[in-house]
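Chains, contacts and geometry: an overview
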Amino acid sequence: MKIQCIDKNIEQVLSSGIYVIPRFQRAFSWDKYNVEELWDDSVKNPINEYFVGSFVTYEMGRATYGVVDGQQRLTTITIALCIIRDKYKYYGFESAARGIHKLIKTSDIEDQSRYVLHTETSYPYFQIKIQNFDEDSEDVKLGEEEKAIKLAYEVILSKVDESISLLEFVKDDDAKNKRKIKKELDRIRDRILKLNVISITLQNQDDAYAIFETMNTRGKDLTSADLIKNHILRLIPSRTG
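Residues numbered from 1 in each chain as written. Predicted model: local features only at pLDDT ≥ 70, side-chain atom pairs only at ≥ 80, totals over all residues. Heavy atoms only, no water.

Let us look at the sheet that holds strand β3 (residues 51-61). Taken together, six strands build an open sheet; the order of strands is β1-β8-β3-β4-β2-β7 and the sheet is mixed. Each edge of the open sheet carries a strand with a single partner, namely β1 (3-9) and β7 (117-119). Averaged over all adjacent pairs, the angle separating strand axes in this sheet is 35°, with direction ignored. Bridge count for β3 against strand β8 (residues 196-202) is six bridges, and the pairing is parallel. Looking across to β8, one finds that F55 is bridged to S199. (Pairing = 2+ DSSP bridges. Helix = DSSP H or I, 4+ residues; strand = E, 2+ residues; numbered from the N terminus. Axes fitted to C-alpha atoms, helices over the stretch in contact; angles between N-to-C directions.)

Here's what the structure looks like:
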């Protein structure tokens, strides 16, 4: 079994390939508490480098990976980046919006446009209503997964709006106020992109699931699992006091 285990931040993860959440994977199911916890840990936490866990993937082809573990976090982070992109657009920061969109939608080796995070179970809602750069008025039926995604979007949107509302604006100085908004959006964007993960990539799906199950099983003493767990624990910031 060949294991590639690399320290990465979210920007590096999203820049390094296309991630597919297959139909057989469990649906997105995070609730308000889960989303708020990730937001508070990643955006509000004063720790400069914050570790959000491991991503277990397997190779599906050229720079394309199937996601075995980490889909809830990866989906939530993508939703947050889409909201930041949309806020950039709303306030007239088109270049910043297009810059962050490159981590949401990219081009493959054939120059075909692909979403960096490709989900099958929530198609087409996630693509049309969340990831799409331009607003779309198409009516999309909401199942349970789509409702969870919509809730996550609304929770994060309210958090971003709250951050902007807390800024101290200058009366009759729109240019300065816009700069303050841009700086705050940049701060949120950078906090998210600097989140640290352990990227664990295997050559095939079976090996990926074997590692995932081992990491989530107690009482089994396998060398590969021990190495990975030690590597993860080494990166967790120590908490004192």
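Moving on, we get to the side chain of S42. With respect to the helices and strands, the residue S42 is situated in helix α2 (residues 32-44). Within the structure, the side chain of S42 is placed 2.7 Å from the backbone oxygen of L38, a separation counted as a polar contact. (Polar contact = N/O pair within 3.5 Å; in protein donor to acceptor, adjacent residues only side chain to side chain.)

In this section: the packing of helix α3 (residues 71-90) against helix α4 (residues 94-101). At their nearest, the axes of α3 and α4 sit 7 Å apart, and the two run at 160° to each other. The orientation of α3 with respect to α4, classified from their angle, is roughly antiparallel. For the crossing formed where α3 meets α4, the hand is left-handed. Facing α3, whose interface residues are L81, I84, R85, Y88 and K89, α4 presents E94, A96, A97, I100 and H101. Across the contact of α3 with α4, the residue classes break down as six nonpolar, one polar and three charged. (Parallel < 35°, antiparallel > 145°, perpendicular 65-115°, else oblique. Left-handed = near helix turned anticlockwise from the far one by under 90°. Contact = heavy atoms within 4.5 Å. Nonpolar A, V, L, I, M, F, W, Y, C, P; charged D, E, K, R; others polar.)

The next thing to look at is the side chain of Q127. The topology assignment puts Q127 in helix α5 (residues 125-131). At a separation of 3.0 Å, a polar atom in the side chain of Q127 contacts the main-chain carbonyl oxygen of T119. Leave out the neighbours within four places in its chain, and Q127 touches Y115, T119, S122 and N132.

Another point: helix α7 (residues 174-193). Here α7 is 20 residues long and its end C-alpha atoms lie 28 Å apart, about the 28 Å a rise of 1.5 Å per residue gives. Within α7, burial applies to N177, I181, E184, L185, D186, I188, R189, R191, I192 and L193. Looking at the buried side of α7, the elements it contacts are β1, α1 (10-15), α2, α3, α4 and α6 (144-165). (Expected span 1.5 Å × (residues − 1). Buried < 20%, exposed > 50% of the residue type's maximum accessible area, 1.4 Å probe, protein only.)

Further remarks concern unusual backbone geometry. Between Y123 and P124 the backbone carries a cis peptide bond, its omega angle lying at 5°. Looking at the secondary structure, you find P124 in the loop between β7 and α5. Within the chain, D111 stands out as a residue other than glycine whose phi angle is a positive 65°. On the secondary structure map, D111 appears in the loop between β5 (105-107) and β6 (113-115). The backbone of D172 sits at a positive phi, close to 60°, despite the residue not being glycine. Here D172 shows up in the loop between α6 and α7.

It is worth spelling out the pattern of salt bridges at this point. Taken as a whole and assessed by the stated rule, the structure comprises twelve salt bridges. Here R189 makes a salt bridge to D190, at a shortest N to O gap of 2.9 Å. Salt bridges here are not isolated pairs; linked through shared partners, they connect K182, D186, R189 and D190. (Salt bridge = Lys/Arg side-chain N within 4 Å of Asp/Glu carboxyl O.)

Attention now goes to the environment of I83. Relative to the elements of secondary structure, I83 occurs in helix α3. Residue I83 is classed as buried on the basis of its relative accessible area, which comes to 1%. It is 9.5 Å that separates the C-alpha atoms of I83 and E154, two residues lying 71 residues apart in sequence. With residues up to four places along the chain from it excluded, the contact list for I83 reads Y153, I156, L157 and V160.

This part covers the packing of aromatic side chains. Under the definition given, this model contains three aromatic pairs. Between the NZ or CZ atom of K89 and the centre of the ring of F133, over which it lies, the distance is 4.4 Å. Against the face of F93 rests K178, its NZ or CZ located 5.2 Å from the ring centre. (Phe/Tyr/Trp six-rings, centres within 6.5 Å; stacked < 30°, edge-to-face > 60°. Lys NZ or Arg CZ within 6 Å of the ring centre and 35° of its normal.)

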